[in-house]
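# Tertiary structure, described
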Amino acid sequence: MVAHEESFCRAVLPRVSRTFALNIPLLPPPLDLVVTVAYLLTRIADTVEDEIQRPRQEELFAALADLVRLAPGWEARAQAFARLAGDEFLPDAPEAEVELIAGTVCVLKTLASLPPWAQAPLRRCVRIMTHGMSQVQRRHGGGESVLGLPDLQTTLAYCYYVAGVVGEMLTELFIAHAPTLDERARAQLRSRAIMFGEALQLTNILKDVREDLDQGRCWLPLDRMALHGLEPATLARPELRAQAMALHSELVVIARRALDEALEYTLALPQSEPGLRLFCLYPLFFAVTTLNLVDGNPAVFDTTPLKLSREVVLRLMLLTQERVASDSALRALFAECSRVPSEVEAAR
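Attention in this report is confined to the structure presented alongside it. (Residues numbered from 1 in each chain as written. Predicted model: local features only at pLDDT ≥ 70, side-chain atom pairs only at ≥ 80, totals over all residues. Heavy atoms only, no water.)

What the rule picks out here adds up to eight aromatic pairs. Within the aromatic cluster, the residues linked to one another by ring pairs are Phe 20, Tyr 39, Phe 174 and Phe 279. (Phe/Tyr/Trp six-rings, centres within 6.5 Å; stacked < 30°, edge-to-face > 60°.)

If you want it as structure tokens, here you go:
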């Protein structure tokens with residue numbers, strides 16, 4: 001039966017994430033399956049946050065945190081979880097997320113089949129993530145969507161709950177997979193693990209600011225908005241675009257610093273593990289190039305989403321593959337991708 005559940009996990013992955021469907025298969029076995037399960041568990045938590053009616057979210061977060069313990073009777077509880085969540089989807093919930101929730105039992109059965117070294121980091125990640133999401137919703141959502149967080153510290157705390165803790169989990173999985181890593185490399189990875197995840201999340205927040213607003217949520221700091229005479233309800237108004245861009249640019253600077261740390265994290269992975277490096281390099285280079293796309297670009301507040309073209313994505317994948325074993329070449333490529341484009345280039 002485990003083969004069936006594993007097949008479900010591998011098949012549903014590209015339906016819920018195009019990005020991670022590109023880089024997870026690059027990981028060596030069994031790490032590829034471990035990270036697939038890890039991603040799907042965190043995506044179930046994301047789906048509860050984004051696609052489930054608000055009154056049921058806290059109950060479902062707590063249930064998911066309990067389920068990953070795989071305590072006796074978990075299969076029946078997982079089926080109950082899937083039924084309850086299935087009844088509470090928002091009307092426009094994506095079909096892939098509905099399918100993932102329905103397959104919760106499959107994901108958990110695959111989790112149960114993983115080696116012991118993989119299970120503890122996954123459980124910790126899901127527990128912290130669901131607790132954090134629930135806490136943010138309770139404190140700042142008022143029973144509805146979160147429309148701004150009090151300050152930058154709270155925004156970064158949210159980034160930790162949804163992504164920084166994933167960086168910690170991945171780091172422990174990488175270390176367990178590659179026991180030849182020396183203490184210095186382990187220390188470098190652990191010291192930057194949170195920043196790796198937070199850098200990617202903050203970039204996504206800055207890219208998706210208008211889409212989030214249209215869906216009734218905002219993760220930007222309210223105090224910094226207020227300094228620019230803004231609030232979530234006015235953030236996308238065309239007549240206030242200059243103020244909105246000034247706020248956005250301040251946060252881009254913070255994201256760039258985090259991405260610099262994410263590069264150092266990636267280069268701490270051994271050159272003898274190209275799969276681990278590429279797993280991190282793909283989203284890192286997608287993020288830094290995305291940040292260039294939105295930096296100083298007023299279109300980030302328009303209704304049409306800004307995103308990298310397929311051609312750019314494929315080019316970045318090829319360039320990182322060619323340079324994966326050379327720290328100096330990767331640093332040079334990162335510096336090139338980090339250059340803020342001129343106004344002429346941005347307009348093309």
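Here the narrative resumes.
With that settled, consider helix H6 (residues 95-102). Each α-helix turn comprises 3.6 residues. Residues three or four places apart therefore point the same way. Taken together, the buried positions of H6 are Ala 96, Glu 97, Leu 100 and Ile 101. Looking straight down H6, one finds that the buried residues subtend no more than 135° of arc, so they occupy a single side. In H6, those exposed residues whose orientation departs by more than 90 degrees from the buried face are Glu 95 and Ala 102. Buried residues along H6 sit in contact with helix H1 (2-16), helix H3 (31-51), helix H5 (74-87) and helix H7 (104-113). (Buried < 20%, exposed > 50% of the residue type's maximum accessible area, 1.4 Å probe, protein only. Helix = DSSP H or I, 4+ residues; strand = E, 2+ residues; numbered from the N terminus. Arc of directions from axis to C-beta. Contact = heavy atoms within 4.5 Å.)

Alternating positions in strand E2 (residues 218-221) separate into two faces, Cys 218 and Leu 220 on one and Trp 219 and Pro 221 on the other, with burial throughout. Both strand E1 (residues 147-149) and E2 contribute to a ladder of two bridges, which runs parallel. Looking across to E2, one finds that Leu 147 is bridged to Cys 218. (Pairing = 2+ DSSP bridges.)

Moving on: the side chain of Ser 17. Residue position: Ser 17 is located in the loop between H1 and helix H2 (18-23). The buried category is assigned to Ser 17, whose relative accessible area is 8%. Among the polar contacts made by the side chain of Ser 17, one reaches the main-chain amide nitrogen of Phe 20 at a distance of 3.1 Å. Sequence-distant contacts of Ser 17, defined by excluding residues within four places in its chain, comprise Tyr 39 and Arg 43. (Polar contact = N/O pair within 3.5 Å; in protein donor to acceptor, adjacent residues only side chain to side chain.)

Applying the stated criterion across every chain, the model contains zero disulfides. Take Cys 280: it sits in no disulfide, and the sulfur closest to it among the cysteines is that of Cys 125, at 14 Å. Since its relative accessible area comes to 0%, Cys 280 is described here as buried. Left without a disulfide partner, Cys 337 is nearest to the cysteine sulfur of Cys 280, which lies 16 Å away. Under the relative-accessibility criterion, Cys 337 is labelled buried at 11%. (Disulfide = S-S within 2.5 Å.)

Taking 1.5 Å per residue as the helical rise, helix H16 (residues 327-338) with its 12 residues ought to reach 16 Å, and the 16 Å between its terminal C-alpha atoms agrees with that figure. Taken as a whole, H16 has its buried residues at Leu 330, Leu 333, Phe 334 and Cys 337. The arc enclosing the buried residues of H16, seen along the axis, measures out at 100°, which places them on a common side. Buried residues along H16 sit against helix H13 (241-267), helix H14 (274-294) and helix H15 (310-323). (Expected span 1.5 Å × (residues − 1).)

Below, the discussion takes up the packing of H3 against helix H4 (residues 54-67). If you want to describe how two helices pack, look at the angle between their axes and the distance between the axes. Two elements in contact, H3 and H4, have axes separated by 9 Å at closest approach and are oriented at 160°. Taken together, the axes of H3 and H4 lie roughly antiparallel to each other. At the point where H3 passes H4, the crossing takes the left-handed sense. Seen from H3, the contacting residues are Leu 41, Ile 44, Ala 45, Val 48 and Glu 49; seen from H4, they are Arg 54, Gln 57, Leu 60, Phe 61 and Leu 64. Taken together, the residues that form the contact of H3 with H4 break down as seven nonpolar, one polar and two charged. (Axes fitted to C-alpha atoms, helices over the stretch in contact; angles between N-to-C directions. Parallel < 35°, antiparallel > 145°, perpendicular 65-115°, else oblique. Left-handed = near helix turned anticlockwise from the far one by under 90°. Nonpolar A, V, L, I, M, F, W, Y, C, P; charged D, E, K, R; others polar.)

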